[in-house]
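# Chains, contacts and geometry: an overview
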Amino acid sequence: MKADIIGATGATGRVLLAQLLNDERFDEVHIFVRRAPDFAHDKLCVHLIDFSRPDTWADKLRGDVLFSCLGTTLKDAGSQEAQRKIDYQAVLDAARATIAAAM
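A brief look at the structure comes next. What you see is a predicted model, and the numbers here were worked out from it, not measured in a lab. (Residues numbered from 1 in each chain as written. Predicted model: local features only at pLDDT ≥ 70, side-chain atom pairs only at ≥ 80, totals over all residues. Heavy atoms only, no water.)

Our focus in this paragraph is the overall build of the chain. Per the secondary structure count, the chain includes 3 helices and 4 strands. Here the chain has a C-alpha radius of gyration of 13 Å; the compact-globule value for 103 residues is 13 Å, and the two agree. Sorting the 103 residues of the chain into buried and exposed places 35% on the buried side. Long-range contacts, defined here as pairs at least 24 residues apart, represent 53% of the contacts in the chain between residues at least 6 apart. The averaged location of the 15 negative side-chain charges in the chain is 6 Å from the averaged location of its 13 positive side-chain charges. (Helix = DSSP H or I, 4+ residues; strand = E, 2+ residues; numbered from the N terminus. Rg over C-alpha atoms; globule rule 2.2 N^0.38 Å. Buried < 20%, exposed > 50% of the residue type's maximum accessible area, 1.4 Å probe, protein only. Contact = heavy atoms within 4.5 Å. Lys, Arg positive; Asp, Glu negative; His and termini not counted. Charge placed at Lys NZ, Arg CZ, Asp CG, Glu CD.)

Secondary-structure assignment places His 47 in strand 3 (residues 44–48). Owing to a relative accessible area of 14%, His 47 belongs among the buried residues under this scheme. Those residues in contact with His 47 that lie beyond four places of it in its chain are His 30, Ile 31, Phe 32, Val 33 and Lys 60.

Strand order across the open sheet formed by 4 strands is 3-2-1-4, with parallel pairing between neighbours. One side of each edge strand has no neighbouring strand; the edge strands of this open sheet are strand 3 and strand 4 (65–68). Adjacent strand axes in the sheet meet at a mean angle of 20 degrees when their direction is disregarded. Contacting strand 1 (2–6) and strand 4, helix 3 (residues 80–102) crosses the sheet at an angle of about 180 degrees to strand 4. (Pairing = 2+ DSSP bridges. Axes fitted to C-alpha atoms, helices over the stretch in contact; angles between N-to-C directions.)

Taken as a whole, this structure holds 4 salt bridges when the rule is applied. Here Asp 59 ties to Lys 60 by a salt bridge, and the two come within 3.9 Å at their closest N and O atoms. Judged by its relative accessible area of 48%, Asp 59 is partly exposed. Judged by its relative accessible area of 36%, Lys 60 is partly exposed. Here Glu 81 makes a salt bridge to Lys 85, at a shortest N to O gap of 3.6 Å. Here the residue Glu 81 and the residue Lys 85 both occupy positions in helix 3, the gap between them amounting to 4 residues, near one helical turn. No difference in accessibility class separates Glu 81 from Lys 85, as the two residues are exposed. (Salt bridge = Lys/Arg side-chain N within 4 Å of Asp/Glu carboxyl O.)

As structure tokens, this is what we get:
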């Protein structure tokens, strides 16, 4: 089975990523992130992306399951608009792409 994770380098995403990499049910784990993790793994495929440009990454979401760990704080984002683009729009874009791939 193949898993896709958006936001795998944050606090929650790192924990989930470790669990999926150690889970025998998953042969591949594809992560869609803004920055690369500091380790490699045989099952791991890293996609460095710009979440504001789903046209450049949406077609790569082809897993059996999508996990979303994407999120930010208002302080880190800098504005409510910037936070909404990450916490809402990027997650919605990933969900839509996953649905489209399944059809």
